[in-house]
Structures are given as structure tokens and as C-alpha cells.
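Descriptive structure summary
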Amino acid sequence: NCVMTSQNDDKENSGHIINAREFLQDQGGVLTIVPLSSDLEDIYVKEILVPENIVVNQAFTIETVLLATQTFQNATMQISVGNNEKILKEVSLKKGKNNFLFSSTVSANGIFEVSVKILIPDSFAENNSFSIQAKTSDAKKILIVSESLTPTISQIVKNNIIINPIEFPHDVSVLLS
């Protein structure tokens, strides 16, 4: 059996301590955490939330959740989406939970990374950044069957297939191929 002692604020969001803790507990080891003072200045990224279905070239929302041990008047958040976009935003943080929403787009199909970093010196710089993987999906097509379609509807409904009822095939699978 292995015994390990860790002195930390128990707010790690990445790095080797999380993996080491899980490995040690899986092996039947003992982990003792010696808590650090909660009076220390710290901001950490708790989570990043994005929609399950992200469509190429369509805006989507990124929600970030930050936790702060005290109030910070000025902090800079850096949000990176894929390899291209970097958003820099000045924010004020209150003590406790802070939620922020950002909008972004991606221009290519596939898996991409969304990362958030707080650019402020604090006691634990290791937990100032957090990343997740997200995936784009193809836009869903909408079948519109109409004899007369106003231009407004076809402008509002994107990714549509418009067909006249007279031309509608007997077998719907023809439209799906």
C-alpha cells in the first residue's frame, strides 16, 4: 500500500495530481489532503459548456464557469476556439461562482478544442486554464412541401429542400439519398 499526502486547495482542474489521486485510490492506496488556507487569492476555471450539436459556420454559445476566492475588479479572459479565434475579454469577478457567455463559430468540420484561460497572477496559476474537445455536425436539412412558398419562409428556414407536391416522389427514400 502507498500513502500520499497532498497539500492543495482541492480545486485542480487538470494536471497530474488528478490522475495520481485516481490511480492511487484504484490501487487501494491512501490519500491525505492537507488543505491550504482559503484566504489565498485564487481564480479557477471550473467548466466550459458548449452545445451538443455545433454546426459549421453557425454561431454557438460558449458558457464558462469561473470560481473566485475573492472579488477581482479586472481580469482578462482568453477564449480560444480551434486554432483560429482568440477572444480577449475584460471581466470583473465576484467572490464565488461567475458565469460568462460568449458566441463563436467554427469554419471546418471535425473535432476542435475550446479553451479558457484567466490572465491574472494569483496564488495557483496551474488552475487558471481549462480546455474541452467539441465536435461539429452537419446541418440538418428541412423538407418543405408547398405549392407556393413565400420568399420569406425560404430565407428564414436555412438548409431547406423545397419541393412542389406534384413532384413529390412515391418513395421518400429517393429524397434521402
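Description of the structure in this document. The model shown is predicted, which means the values in this text are computed figures rather than measured ones.

To continue, consider the overall build of the protein chain. Per the secondary structure count, the protein chain includes 3 helices and 12 strands. For the protein chain, buried positions account for 32% of its 177 residues. Counting only contacts in the protein chain whose residues sit at least 6 apart along the sequence, the fraction spanning at least 24 positions is 58%. Summing over all exposed atoms, the protein chain offers an accessible surface of approximately 11,500 Å²; the carbon and sulfur share of this is 51%.

Attention shifts here to the side chain of T64. Along the chain, T64 turns up in strand β5 (residues 60-68). Excluding residues within four positions of it along the chain, T64 makes contact with E47, M77, N98, N99, F100, F102 and V116.

With that settled, consider a nonpolar patch on the surface. On the surface, a nonpolar cluster with roughly 220 Å² of combined accessible area is contributed by L143, V145 and I161. Mapping I161 onto the fold places it in strand β12 (residues 160-163).

Each aromatic ring pair is described using two quantities: the centre-to-centre distance and the angle formed by the ring planes. Taken as a whole and judged by the stated rule, the model has 1 aromatic pair. With centroids separated by 6.1 Å and ring planes inclined at 55°, the aromatic side chains of F60 and F112 adopt a geometry described as tilted. Pair noted here: F60 is in strand β5 and F112 is in strand β9 (residues 111-119), with a separation of 52 residues, a long-range link. In this structure, F60 and F112 share a single accessibility class: buried.

Reading across the sheet, the 3 strands line up as β3-β5-β8 and stay open at both edges, with antiparallel pairing between neighbours. Pairing within the sheet leaves two strands with one partner each, and these edge strands are β3 (43-49) and β8 (96-104). Shown here is a sheet whose adjacent strand axes are inclined to one another by a mean of 25°, direction ignored.

A few words now on the nonpolar core. Counting residues in hydrophobic clusters, the biggest one holds 27 residues, and the most contacted among them are I48, I62, M77, I79, L93, F112 and I118. For this core, the secondary-structure elements that each account for two or more residues are β3, β5, β6 (72-81), β7 (85-93), β8, β9 and β10 (129-137). With 5 residues, the top contributor of residues to this core is β6. In contact with I118, other than residues within four places in its own chain, are I43, V45, L66, A75, T76, M77 and N128.

A few words on the pairing of β6. Within β6, 8 of the 10 residues are buried, which leaves it mostly tucked inside the rest of the structure. Both β6 and β9 contribute to a ladder of 6 bridges, which runs antiparallel. Paired with S80 across the bridge in β9 is S115.

Okay, unusual backbone geometry next. Most peptide bonds take the trans form, and the phi angle of most residues other than glycine is negative. Phi is positive for N57, close to 65°, though the residue is something other than glycine. Here N57 lies in the loop between β4 (54-55) and β5. The exposure class assigned to N57 is exposed, which follows from its relative accessible area of 56%.

Attention shifts here to the environment of E52. On the secondary structure map, E52 appears in the loop between β3 and β4. Classification of E52 as exposed rests on a relative accessible area of 75%. Remark: the alpha-carbon pair of E52 and S137, spanning 85 residues in sequence, is separated by 9.2 Å.

On to the environment of T64, then. Given the relative accessible area of 0%, T64 is considered buried. On a C-alpha basis, the gap between T64 and V116 in space is 7.7 Å, while along the polypeptide they are 52 residues apart.

Moving on, we get to the environment of N164. Mapping N164 onto the fold places it in the loop between β12 and α3 (173-176). Exposure remark for N164: the relative accessible area of 24% places this residue in the partly exposed category. With 17 residues separating them in the primary sequence, N164 and E147 have C-alpha atoms 5.2 Å apart. N164 has contacts with S146 and E147, leaving out every residue within four places of it along the chain.

Rules used throughout
- Residues numbered from 1 in each chain as written.
- Predicted model: local features only at pLDDT ≥ 70, side-chain atom pairs only at ≥ 80, totals over all residues.
- Heavy atoms only, no water.
- Helix = DSSP H or I, 4+ residues; strand = E, 2+ residues; numbered from the N terminus.
- Buried < 20%, exposed > 50% of the residue type's maximum accessible area, 1.4 Å probe, protein only.
- Contact = heavy atoms within 4.5 Å.
- Areas by Shrake-Rupley, 256 points an atom, 1.4 Å probe, with all protein chains shown as cover.
- Patch = residues over 30% accessible without salt bridge, like charges linked within 9 Å, V, L, I, M, F, W, Y side chains within 5 Å.
- Salt bridge = Lys/Arg side-chain N within 4 Å of Asp/Glu carboxyl O.
- Phe/Tyr/Trp six-rings, centres within 6.5 Å; stacked < 30°, edge-to-face > 60°.
- Pairing = 2+ DSSP bridges.
- Axes fitted to C-alpha atoms, helices over the stretch in contact; angles between N-to-C directions.
- Core = buried A, V, L, I, M, F, W, Y, C linked by side-chain atoms within 4.5 Å.

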